[in-house]
Amino acid sequence: MTSKVTIILTITTLSVFGTSFLNLINNKAINNQVNENQTTFINLDSNVIHSESIVDVNTITKFEKADTTIKLMKKDFFRFAFQEIKDMLEGKTKKDFKRSVFLVDNAYMGGTLDWNWFNNEIKSKLPTFEKMIQISGYSKYKTSKNWAIHTYMTDTTVTKNSYQRYHYDYSNYTNDTTGLVYHLLKTNLGNCRSLPYLYKIFCNEFGATAFLATAPMHVYIRQQDENGIWWNLELTSFYKYMPSEDYITQLQITETARQSGLYMKPLSEDESLALCLDDLLRYYIERKKIICDPFVEEVLITALNYMPISEMQLKRFSCLKQELDLAMEKKGLNDYSKIKNYSELIKQFEAMDKVGRYINKIGYKKISEELYQSLNDQTKKKAQNHNQNKKQ
């Protein structure tokens, strides 16, 4: 019996972030499984943060404030991105995953990205997908659109993509922009955020169906074949479908985490937008070098309303802990066992403890240091081999 082991994830500053193709039509699932000598590795991405200025509008007249607030938000790109995605979630504007991803990427890059280029670059690929289906004769199949998108992204024999597939950036895997879809469109190089995000964007735009799914420190694609059977599409390695057991074993995913929906479930469109808000918070927290502030709390309230069973609960726990610790510090306390005589502190502790218990209930388990170091080492080795092969 062939042993199949695959490690598939990307680590971004030790946080959740930052994901080959089954021929859906010709039923080649077995042939496309990973061989015993094929192993996929971790990638490390570091986040470089850009500072922003905020205008004081306290002295502005009532009638000037509305227009100024809009201008202010456009300067505070994190606030601007949050508000637009929030409006989508609340039904005030049309849900648009593509636009949400751009907004987050743009906030990360300090407002320097071009929406028109991003949008047009994606739309320009759609006629190619349609032509591929016509030439192949696969138009009668429900999954023909998924086939076209996947083939375009991963097949080096496709003329229209200049024989260049979209793939993991092993040459610059620590580059701070590797996780941005904008960067992926520019370079064809990405990671386990940008690759599955772009695949989903293409599917949304072309009328195909695909779902994001999360795992510890990882994002990948889940979609169904012609018979309605679910498969895991791993775009960071070998471009084939990966067995669920590989994710479970390699990433130490608990059964409770699977059953609760914390990991490995297909995300709804609302949950995908909430995941964008999680990305936004990660960038913001790193840029500001903080644990929590009013903006973080505001975003969490919205995001957790649509995706309560998620690792964003860890950020919520951190906010509550910071609030409690600061309140204790004001009273000269540094030990939770000494708050029993302070009713307000007890309430704060109970609120924090409630979130902590919920995190345990949904099956979250911190990845072990040993596994993290092992995956990190394997990524470095994979990168070295990749770079050596390029020189030959």
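Scroll up to find the structure.
This section reports on the structure supplied with the text. Numbers given to residues run from 1 along each chain, matching the order in which its sequence is written. Given that the model is predicted, a residue must reach a pLDDT of at least 70 before its local features are reported, and side-chain atom pairs must reach 80 or more before they are shown or counted; all residues, however, enter totals for whole chains, interfaces and linings. The side-chain numbers reported here are obtained from all heavy atoms of the structure, hydrogens and water having been left aside.

## Section: the packing of helix 5 (residues 126–136) against helix 6 (residues 144–154)
Then step 1. In contact at an axis separation of 9 Å, helix 5 and helix 6 are set at 110° when each is read in the N-to-C sense. Judged by the angle between their axes, helix 5 and helix 6 are roughly perpendicular. Two packed elements cross with a definite hand, and for helix 5 against helix 6 that hand is right-handed. Residues Thr 128, Phe 129, Met 132, Ile 133 and Ser 136 of helix 5 touch helix 6, and the partners they reach there are Ser 144, Lys 145, Trp 147, Ala 148, Ile 149, Thr 151 and Tyr 152.
Then step 2. Its residues assigned to classes, the contact of helix 5 with helix 6 shows 7 nonpolar, 4 polar and 1 charged. Only the contacting stretch of a helix is used when fitting its axis, a line to C-alpha atoms as for every element, and angles between N-to-C directions run 0 to 180 degrees. Helix numbering and strand numbering both begin at the N terminus, where a helix is a DSSP run of H or I of at least 4 residues and a strand a DSSP run of E of at least 2. When an angle is under 35 degrees it counts as roughly parallel; over 145 it counts as roughly antiparallel; between 65 and 115 it counts as roughly perpendicular; any other value is oblique. If you view the pair so one helix is near and one far, a crossing is left-handed when the near helix is turned anticlockwise from the far one by less than a right angle, and right-handed when it is turned clockwise. Any pair of residues with heavy atoms lying within 4.5 Å of one another is described as a contacting pair. Polarity classes work like this: nonpolar for Ala, Val, Leu, Ile, Met, Phe, Trp, Tyr, Cys and Pro, charged for Asp, Glu, Lys and Arg, and polar for all others, with Gly in that last group.

## A word on the side chain of Ser 100
Then step 1. Positionally, Ser 100 belongs in helix 3 (residues 97–108).
Then step 2. Buried residues are those whose accessible area, probed at 1.4 Å on protein chains only, stays under 20% of the maximum for their type, while exposed residues exceed 50% and partly exposed ones sit between those limits. On the accessibility criterion, Ser 100 (0% relative accessible area) is buried.
Then step 3. Beyond its immediate chain neighbours, meaning those up to four positions away, Ser 100 contacts Ile 85, Met 88, Leu 273 and Cys 276.

## Examining the pattern of salt bridges
Then step 1. Think of a salt bridge as a Lys or Arg side-chain nitrogen and an Asp or Glu carboxyl oxygen that are within 4 Å of each other. Enumeration over the complete set of coordinates arrives at 19 salt bridges.
Then step 2. Of the charged contacts, one joins Lys 86 and Glu 90 as a salt bridge, the two residues approaching to 2.9 Å between their closest N and O atoms.
Then step 3. Glu 90 sits in the partly exposed class, given a relative accessible area of 35%.
Then step 4. Put simply, Asp 278 and Lys 315 hold a salt bridge, and the shortest N to O gap is 2.7 Å. Of the two residues, Asp 278 sits in helix 11 (residues 269–288) while Lys 315 sits in helix 13 (residues 312–330), which places them 37 residues apart along the sequence. Pair check on accessibility: Asp 278 and Lys 315 agree, each one buried.
Then step 5. Three or more residues joined by partner-sharing salt bridges are found here, namely Asp 105, Arg 193, Asp 278, Asp 279, Arg 282 and Lys 315.

## Points about the pairing of strand 5 (residues 211–215)
Across a regular strand the side chains alternate sides, sitting on one face of the sheet and then on the other.
Then step 1. Most of strand 5 is tucked away: 4 of the 5 residues are buried.
Then step 2. Here, a strand pair is defined by DSSP locating no fewer than two bridges between the strands. Pairing analysis gives 5 bridges linking strand 5 to strand 6 (residues 218–224), with the strands arranged antiparallel. The residue of strand 6 that forms the bridge with Phe 211 is Arg 222.

## Digging into the state of the cysteines
Then step 1. Two cysteine sulfur atoms form a disulfide, by the criterion used here, when they sit within 2.5 Å. Scanning the model with the defined rule gives 1 disulfide in all.
Then step 2. In this model, Cys 292 is linked to Cys 319 through a disulfide, with the two sulfur atoms separated by 2.0 Å. Since a negative S-S torsion denotes a left-handed disulfide, the Cys 292-Cys 319 link at about 95° is right-handed. With Cys 292 in the loop between helix 11 and helix 12 (294–306) and Cys 319 in helix 13, the pair connects residues that are 27 residues apart, well separated along the chain. Here Cys 292 matches Cys 319 in class, with each residue buried.

## A short note on empty space enclosed by the protein
Then step 1. The space that makes up the largest cavity amounts to roughly 80 Å³.
Then step 2. Here a cavity denotes a set of grid points, spaced 1 Å apart and computed over the protein atoms alone, in which a 1.4 Å probe fits but from which it cannot get out, and a pocket denotes an open set meeting protein on both sides within 12 Å along at least five of seven lines; residues with an atom within 4 Å of a point are reported as lining. Taken together, 11 residues form the lining of the largest cavity, with Thr 214, Leu 275, Met 307, Ser 310 and Glu 311 sitting closest to its centre. Grid points are joined across faces, edges and corners, and a volume is the space filled by probe spheres set on the points.

## Digging into the nonpolar core
Then step 1. By nonpolar core we mean a set of buried residues, namely Ala, Val, Leu, Ile, Met, Phe, Trp, Tyr and Cys, connected to one another through side-chain atoms within 4.5 Å. By size, the foremost hydrophobic cluster in this structure holds 72 residues, and its most contacted members are Ile 149, Tyr 199 and Leu 280.
Then step 2. The element contributing the most residues to this core is helix 11, with 10 residues.
Then step 3. Setting aside residues no more than four positions away along its own chain, Leu 280 makes contact with Phe 78, Ala 81, Phe 82, Val 104, Ala 107 and Phe 295.
Then step 4. In this structure, Ala 213, Leu 251, Met 264 and Ile 362 belong to the second largest nonpolar core, which totals 18 residues.

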